[in-house]
Amino acid sequence: MIEVPALDEAAMAAARERQHLLAKPVGSLGRLEDLSVWLAGVQGRCPPQPPVSPVLVIVAGDHGVAAQGISAYPAAATAAMVGNVYAGGSAASVLAPRAGARLRIVDAAVEADTPAEVGQWKVRRGSGRIDHEDALHPGEAQRALDVGRLVADQEIDAGADLLLIGDIGVGNSTACAVIVGLLTGAEPIAVVGRGSGVDDAAWMRKTAAVRDAMHRGRPYTSQALDLLQAVGGADLAVITGLLVQAAVRRTPVLLDGLAPCSCALLAAQLAPDAVRWWLAATRSPEPAQRLALQGLQLTPLLDLQLRLGEGSGALLALPLLGAAAATLAEMATAQEAGLSR
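Rules behind the numbers
- Residues numbered from 1 in each chain as written.
- Predicted model: local features only at pLDDT ≥ 70, side-chain atom pairs only at ≥ 80, totals over all residues.
- Heavy atoms only, no water.
- Helix = DSSP H or I, 4+ residues; strand = E, 2+ residues; numbered from the N terminus.
- Expected span 1.5 Å × (residues − 1).
- Buried < 20%, exposed > 50% of the residue type's maximum accessible area, 1.4 Å probe, protein only.
- Core = buried A, V, L, I, M, F, W, Y, C linked by side-chain atoms within 4.5 Å.
- Contact = heavy atoms within 4.5 Å.
- Salt bridge = Lys/Arg side-chain N within 4 Å of Asp/Glu carboxyl O.
- Polar contact = N/O pair within 3.5 Å; in protein donor to acceptor, adjacent residues only side chain to side chain.
- Pairing = 2+ DSSP bridges.
- Axes fitted to C-alpha atoms, helices over the stretch in contact; angles between N-to-C directions.
- Left-handed = near helix turned anticlockwise from the far one by under 90°.
- Nonpolar A, V, L, I, M, F, W, Y, C, P; charged D, E, K, R; others polar.

(A) Geometry of helix α12 (residues 258–270). Taking 1.5 Å per residue, 13 residues should reach 18 Å; α12 reaches 19 Å between its end C-alpha atoms and fits that length. For α12, the tally of buried residues reaches 11 of 13 residues, placing the bulk of the element in the interior. Turning to α12, its buried residues are Leu258, Ala259, Pro260, Cys261, Ser262, Cys263, Ala264, Leu265, Leu266, Ala267 and Leu270.

This is how it looks when you write it as structure tokens:
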């Protein structure tokens, strides 16, 4: 088990006390109050400050199971989507500067070549067809996990005070459904959603692939790395490493949709206390994400029916953290405002 530092309880207690003193009915700012307390805990100060150097890390990878016709898009779409992010034409590219976040793309397992700065840590080209074979060769899961930890270290050392985690990858929702099904005990039919917007025939093929992959992965449910090798993928292992290392480095994380939340279940196996450093940004329509959130005991900040990925939900939720910090720090107390309790 990887040890993770605790949140600063003294700072959180001070934040709760200040919330009770502000010029408002107690609890009237709802979850903004909870967010301010959490921010105080992760920053070790009261009042906390809004995140000043947030970084969105989008991890991309292809999945061999996509050849089964389980996506509305061909596998080549992953490379095209990565290129669109890199060129500034994606939703994440548009939203990141508006949220004040820097954006980084990491190619973990895209089938095609990507720009050098994107693909410098590529683990392999694509991941195996998990309904019939392992996703990764021996040693690749650990290598990908190490890449995730390295990327986290690089960004934190460069000044990131908040990481947002997004994903791109045709077929990754199938691998994520398998992981969530195995780690929550759910049946295949309960974890398979529409992903990229598949029709009924593709949904049935996807469910069959998930069923077969779950059968292959069942012996490894208590071993995160072995499970990633059997039914995960290099991109999912990189995200898992990112999540673990962020917590080790006392850096909070905003999880986006299905893929980051699925990886959070795996990261919580490796570092059970890491979950205290994570927030769920958004609830997607994918049933597997709902089950992952329940397993993590996280309640998302937004529910906008987003299923794009790319960290889009995390970017939209980011301003809420600034609002939580600002209201705690800058609102007058009831005494200062001349109000009586």
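Next comes the rest of the account.
(B) Expanded view of the nonpolar core. Of all hydrophobic cores here, the largest spans 116 residues; its most connected members are Val191, Leu243, Leu254 and Trp278. Ranked by residues supplied to this core, first place goes to helix α11 (residues 234–248) with 10 residues. In this structure Leu243 touches Ile165, Val253, Leu255, Pro260, Cys263, Ala264, Ala267 and Trp278, once residues within four positions along its chain are discounted.

(C) Representation of the pattern of salt bridges. The full count for this structure, using the stated rule, is 14 salt bridges. With its nearest N and O atoms 2.3 Å apart, the salt bridge here joins Arg102 to Glu155. One end of the pair, Arg102, is in strand β2 (residues 102–109); the other, Glu155, is in helix α6 (residues 140–157), with 53 residues separating them in the sequence. Here Arg249 ties to Asp157 by a salt bridge, and the two come within 2.7 Å at their closest N and O atoms. Separated by 92 residues along the polypeptide, Arg249 in the loop between α11 and β4 (253–255) and Asp157 in helix α6 bring together distant segments of the chain. Residue Arg249 is classed as partly exposed on the basis of its relative accessible area, which comes to 29%. A relative accessible area of 57% means that Asp157 is categorised as exposed. A single network of salt bridges, built from pairs that share partners, joins Arg102, Arg104 and Glu155.

(D) Layout of the side chain of Ser262. By the secondary structure assignment, Ser262 is in helix α12. Within polar-contact distance, the side chain of Ser262 engages the backbone oxygen of Leu258 at 2.8 Å. Sequence-distant contacts of Ser262, that is, excluding residues within four places in its chain, are made with Cys176, Ile179, Val180 and Ala292.

(E) Here's a closer look at the sheet that holds strand β1 (residues 54–61). Strands sit in the order β2-β1-β3-β4-β5 across an open sheet of 5 strands; the sheet is parallel. In this open sheet, the two edge strands, each paired with only one partner strand, are β2 and β5 (278–280). Taking the axes of each pair of neighbouring strands and ignoring which way they run, one obtains an average angle of 25 degrees across the sheet. Here β4 runs beside β5; their pairing, made up of 3 bridges, is parallel. Looking at the pairing, Leu255 lines up with Ala280 of β5.

(F) Region of the structure containing the packing of α12 against helix α13 (residues 287–296). In the contact formed by α12 and α13, the axes pass within 9 Å of each other and the chain directions differ by 35 degrees. At the point where α12 passes α13, the crossing takes the left-handed sense. Mapping the contact onto sequence places Leu258, Cys261, Ser262, Ala264, Leu265 and Ala268 in α12 and Ala288, Gln289, Ala292, Leu293, Gly295 and Leu296 in α13. Per-class residue counts for the contact of α12 with α13 are 9 nonpolar, 3 polar and no charged.

Fair warning: the whole summary comes from geometry, so function is off the table for now.
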